[in-house]
Amino acid sequence: MKTKPVLTTAELDPMLAAALAEASRRGLTMSVAIVDDGGYPLRLVRMDGAGAMTPSVALAKARTAALMRGSTRILAERVVNEPALLRLTEYLPMEGGLPIVAQGVCVGGVGISGGRPDDDEGVAQAGLDTLNG
C-alpha cells in the first residue's frame with residue numbers, strides 16, 4: 001500500500017501567516033485560501049478591507065492549482081490559444097494559484113485574490129516558501 005504526505009496544522013498555519021504577512025508588506029488587502037489535494041478548503045481568510053469576491057476567487061484559484069497539479073498561470077496562458085478550456089467549469093484560469101508539493105507529490109493548493117496577478121502569485125509563493133525552510 002502506498003502512503004502520501006498530507007497537510008497538517010503544522011504546515012497550514014505558517015503558510016497562511018506568511019501569505020498574510022506578505023500581503024500586508026505589499027500594502028494589499030487580500031483573501032488567502034489553502035486546499036487539500038482534492039480541492040477541499042483547509043484555510044480561508046479574508047483580510048479586513050478585501051473585496052467581497054476575493055474569498056471565492058482565492059478558493060477557486062487554490063482548487064484549480066491543486067486539481068491541475070500546477071500553477072494557474074499555465075492555464076491562463078493556455079486559454080489564450082485554446083479557448084475551449086474555458087468549458088472546464090471546475091477550473092479558474094487566473095494567475096494567483098500555486099500547487100503545494102511535498103516529497104514530489106501535490107498535497108494541495110494555495111490561492112490568492114485581491115491584487116494584480118504578479119502580487120497574487122507572489123503572495124502565494126511567500127506562503128509556499130515556509131515549506132522549504
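The coordinates are above.
Nothing here was measured: the structure is a model prediction, and the numbers come from that model.

(A) Summary view of unusual backbone geometry. The backbone phi angle of R69 is positive, close to 60 degrees, even though this residue is not glycine. By secondary structure assignment, the location of R69 is in the loop between α2 (54-68) and α3 (72-81). Classification of R69 as partly exposed rests on a relative accessible area of 45%. Residues other than glycine seldom take positive phi values, yet Q103 does so here, at roughly 55 degrees. The residue Q103 is located in the loop between β3 (97-102) and β4 (105-113) in this model. The exposure class of Q103 is exposed, given its relative accessible area of 73%.

(B) Expanded view of the nonpolar core. Core analysis: the biggest nonpolar cluster contains 19 residues, and M30, I34, I100, V110 and I112 have the highest contact counts within it. If we skip the residues at most four places from it in the chain, V110 touches M15, V32, A33, I34, A62, G96, G97, L98, I100, A124 and L128. Membership of the second largest hydrophobic core comes to 5 residues, among which are V35, A58, A62 and A66.

(C) Quick peek at the pairing of strand β2 (residues 41-46). Here strand β1 (residues 31-36) pairs with β2 via 5 bridges, running antiparallel. Looking at β2, one finds that V35 is bridged to P41.

(D) Spatial organisation of the sheet that holds β2. Sheet architecture is open: 4 strands sit in the order β2-β1-β4-β3, paired in antiparallel fashion. Strands with a single pairing partner mark the edges of an open sheet, and in this sheet they are β2 and β3. The average undirected angle you get between the axes of adjacent strands in this sheet is 15 degrees. Its contacts with the sheet place α2 against β1, β2, β3 and β4, and it is angled at close to 155 degrees to β4.

(E) Looking closely at the environment of V79. Within the fold, V79 resides in helix α3. Separated by 44 residues in the primary sequence, V79 and V123 place their C-alpha atoms 23 Å from one another.

(F) A look at the pattern of salt bridges. This model, assessed by the stated rule, comprises 12 salt bridges. The partner of R26 in a salt bridge is D119, and the shortest N-O contact between them spans 2.8 Å. One end of the pair, R26, is in the loop between α1 (9-25) and β1; the other, D119, is in helix α4 (residues 117-128), and 93 residues separate them in sequence. Across the salt bridge formed by E82 and R78, the nearest N and O atoms sit 3.1 Å from each other.

(G) Structural detail: the pairing of β1. Within β1, 5 of the 6 residues are buried, which leaves the element mostly enclosed by the surrounding structure. The hairpin turn running from β1 into β2, its antiparallel successor, is 4 residues long, and G39 in that turn takes a positive phi close to 85 degrees. Pairing of β1 with β4, which is carried by 6 bridges, proceeds in the antiparallel orientation. Bridging from a neighbouring strand, I34 pairs with V110 of β4.

The rules behind each value
- Residues numbered from 1 in each chain as written.
- Predicted model: local features only at pLDDT ≥ 70, side-chain atom pairs only at ≥ 80, totals over all residues.
- Heavy atoms only, no water.
- Helix = DSSP H or I, 4+ residues; strand = E, 2+ residues; numbered from the N terminus.
- Buried < 20%, exposed > 50% of the residue type's maximum accessible area, 1.4 Å probe, protein only.
- Core = buried A, V, L, I, M, F, W, Y, C linked by side-chain atoms within 4.5 Å.
- Contact = heavy atoms within 4.5 Å.
- Pairing = 2+ DSSP bridges.
- Axes fitted to C-alpha atoms, helices over the stretch in contact; angles between N-to-C directions.
- Salt bridge = Lys/Arg side-chain N within 4 Å of Asp/Glu carboxyl O.

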